[in-house]
Amino acid sequence: MAFRRRAKSHPLFSQEFLIHNHADIGFFLVVCVLIALMFEVTAKTAFLFILPQYNVSVPTADGETVLYHYGLKDLVTILFYIFIAIILHAVVQEYALDKINRRLHLSKIKHSKFNESGQLVAFHLASMIWCLYVVVTEGYLSNPKSLWENYPHVHLPFQVKFFYLCQLAYWLHALPELYFQKVRKEEIPRQLQYISLYLVHIAGAYLLNLTRLGLILLLLQYMAEFLFHMARLFYFTDENNEKLFNAWAVVFVISRLFTLTLSVLVIGFGLDRVENQTFDPEKGNFNTLLFRMCVLLLVCFSQAWMMWRFIHFQLRRWREYWNEQSARNRATAATTVHSKQQLKTVKRESGYHENGVVKAENGTSPRTKKLKSP
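Bear in mind that the values here come from a model prediction, so they are computed numbers and not experimental data.

**Q** Break down the packing of aromatic side chains for me, citing the residues and quoting the values.
**A** Tallied over the full model, the rule gives 30 aromatic pairs. Within the aromatic cluster, the residues linked to one another by ring pairs are Tyr68, Tyr70, Phe80, Tyr81, Trp130, Phe158, Phe162, Phe163, Tyr164 and Tyr206. When the ring centre of phenylalanine 252 is taken as reference, the NZ or CZ atom of arginine 256 above it lies at 4.7 Å.

This is how it looks when you write it as structure tokens:
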């Protein structure tokens with residue numbers, strides 16, 4: 001018991017130390033893994049953290065190619081890249097966002113939202129470019145039938161599997177960052193919602209062997225989210241700058257329509273035409289009517305929820321806009337009335353009108369009396 005009390009009072013176990021030095025702890029663990037690569041005894045274990053596992057040599061027309069499938073060892077690799085994500089998060093925060101925040105002098109609420117959008121802009125931009133490169137090089141855009149042909153897609157190219165592992169690592173790292181970044185309690189439920197949605201959809205596409213469809217849907221989603229967070233950053237720097245929100249609204253609606261259309265095309269029609277429609281988890285085959293219905297319902301529910309949030313956001317923006325316009329109109333009307341009152345006051349400075357005759361303030365006529373001739 002005495003040891004526990006001493007341990008809790010030690011700086012290494014304090015809350016402030018963990019919050020301000022979690023990136024340093026992650027950096028130390030990453031360096032330990034990299035050093036382990038230098039020794040033959042520990043190199044094999046270190047490769048479990050760095051490289052994707054479960055590689056298989058598959059014969060092709062040109063010879064052999066190395067493909068990958070998933071397994072429990074992927075959790076070790078994901079853990080390593082969680083620490084990488086924590087380090088990158090701290091680098092972006094310290095060397096970019098904190099410097100901008102010092103110049104803007106934002107309030108606490110805007111400061112938190114600015115940091116959130118800044119981090120997500122960097123992540124969405126990098127993921128969008130990476131995802132587009134994978135989709136183009138693997139030929140998923142040039143050959144749409146490849147999204148459902150030869151299902152299940154158990155064996156994955158290296159870049160596809162590595163992309164999914166990094167995506168899972170990033171969104172898992174976002175959970176402890178809610179604590180490390182001291183996110184306000186009011187913001188935690190909202191952030192937990194979209195983090196959970198990303199984890200469910202990415203892990204579902206990865207485990208159910210729908211990685212090809214998942215790549216294109218992620219590309220559409222990241223394009224819309226990148227525009228939204230860029231619009232928020234410009235709005236925080238200048239509240240009159242809302243043009244990007246209009247561009248985001250158009251892209252958001254189009255991406256939702258494409259997501260629903262592509263999901264119905266691939267899952268509802270494409271997988272329905274595949275010959276092998278048996279439930280066989282050992283071979284990675286989940287192509288049954290119940291499976292397709294559940295996946296489509298999940299996709300439709302998530303898209304409907306996002307559209308409801310989008311409509312609510314737009315209605316709030318319009319309400320705030322009309323409130324500002326009405327406030328400006330009232331201010332303009334009040335200014336007009338005040339100017340008229342000032343004009344009347346200026347006219348009455350030398351006297352006032354009574355029955356069409358200008359009189360002085362004491363009621364006498366301002367006209368000078370004529371002197372009688374002597």
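Next comes the rest of the account.
**Q** Now, about the nonpolar core: what can you tell me, with residues and values included?
**A** Counting residues in each nonpolar core, the largest one holds 68 residues, and the members touching the most others are Tyr164, Trp171, Ile202, Leu215 and Tyr222. Grouped together as the second largest cluster of nonpolar side chains are ten residues, Ala224, Ala231, Trp248 and Met306 included.

**Q** So what's going on with the pattern of salt bridges? Which residues, and what values?
**A** Taken as a whole and judged by the stated rule, the model has six salt bridges. The salt bridge involving arginine 184 is made with glutamate 186; its shortest N-O contact spans 3.5 Å. On the basis of relative accessible area, glutamate 186 is assigned to the exposed category, the value being 57%. Within the structure, one salt-bridge network assembled from shared partners comprises Glu116, Glu187, Arg190 and Arg232.

**Q** Would you mind going over the side chain of histidine 153 in detail, with residue names and values included?
**A** Looking at the element boundaries, histidine 153 is found in the loop between α5 (108-137) and α6 (158-180). At 2.7 Å, the side chain of histidine 153 forms a polar contact with the backbone oxygen of glutamate 149. Here histidine 153 is in contact with Ser146, Leu147, Trp148, Asn209 and Arg212, once residues within four sequence places are set aside.

**Q** Any chance you could break down a nonpolar patch on the surface for me, citing the residues and the numbers?
**A** Among the surface-exposed residues, Ile311, Leu315, Trp318, Tyr321 and Trp322 lie close enough to one another that they form a single nonpolar patch of about 590 Å² accessible area. Here tryptophan 322 falls in the exposed class, since its relative accessible area comes to 57%.

**Q** Which residues make up the packing of α5 against helix α8 (residues 211-237), and what values do they have?
**A** It is the contact of α5 with α8, at a shortest axis distance of 8 Å, that shows an interaxial angle of 145°. Both α5 and α8 take part in a crossing whose hand is left-handed. Class assignment of the residues belonging to the contact of α5 with α8 gives a composition of 19 nonpolar, five polar and five charged.

**Q** Which residues make up α5, and what values go with them?
**A** The periodicity of an α-helix, 3.6 residues per turn, causes residues three or four places apart in sequence to face the same way. The end-to-end C-alpha separation of α5 is 44 Å, in line with the 44 Å expected for 30 residues at 1.5 Å each. Directly beyond the C-terminal end of α5, a positive phi value near 80° is found at glycine 139.

**Q** Hey, could you go over the pairing of strand β1 (residues 55-60) for me, with residue numbers and the actual values?
**A** Bridging between β1 and strand β2 (residues 63-68) involves six bridges; their strand directions are antiparallel. The residue bridging valine 58 from the neighbouring strand is threonine 65, located in β2. Hairpin geometry of β1 and β2 is characterised by an intervening segment of two residues between the two adjacent antiparallel strands.

**Q** Break down the packing of α5 against helix α7 (residues 188-207) for me, citing the residues and quoting the values.
**A** Interhelical geometry of α5 versus α7 gives an angle of 15° and a closest axis separation of 14 Å. Regarding the angle of α5 to α7, the classification is roughly parallel. As α5 packs across α7, the resulting crossing turns out to be left-handed. Taken together, the residues of α7 that come into contact with α5 (itself represented by Glu116, Leu120 and His124) are Arg190, Gln191, Tyr194 and Tyr198. Residue classes in the contact of α5 with α7 are distributed as three nonpolar, two polar and two charged.

Thresholds applied
- Residues numbered from 1 in each chain as written.
- Predicted model: local features only at pLDDT ≥ 70, side-chain atom pairs only at ≥ 80, totals over all residues.
- Heavy atoms only, no water.
- Phe/Tyr/Trp six-rings, centres within 6.5 Å; stacked < 30°, edge-to-face > 60°.
- Lys NZ or Arg CZ within 6 Å of the ring centre and 35° of its normal.
- Core = buried A, V, L, I, M, F, W, Y, C linked by side-chain atoms within 4.5 Å.
- Buried < 20%, exposed > 50% of the residue type's maximum accessible area, 1.4 Å probe, protein only.
- Salt bridge = Lys/Arg side-chain N within 4 Å of Asp/Glu carboxyl O.
- Helix = DSSP H or I, 4+ residues; strand = E, 2+ residues; numbered from the N terminus.
- Polar contact = N/O pair within 3.5 Å; in protein donor to acceptor, adjacent residues only side chain to side chain.
- Contact = heavy atoms within 4.5 Å.
- Patch = residues over 30% accessible without salt bridge, like charges linked within 9 Å, V, L, I, M, F, W, Y side chains within 5 Å.
- Areas by Shrake-Rupley, 256 points an atom, 1.4 Å probe, with all protein chains shown as cover.
- Axes fitted to C-alpha atoms, helices over the stretch in contact; angles between N-to-C directions.
- Left-handed = near helix turned anticlockwise from the far one by under 90°.
- Nonpolar A, V, L, I, M, F, W, Y, C, P; charged D, E, K, R; others polar.
- Expected span 1.5 Å × (residues − 1).
- Pairing = 2+ DSSP bridges.
- Parallel < 35°, antiparallel > 145°, perpendicular 65-115°, else oblique.

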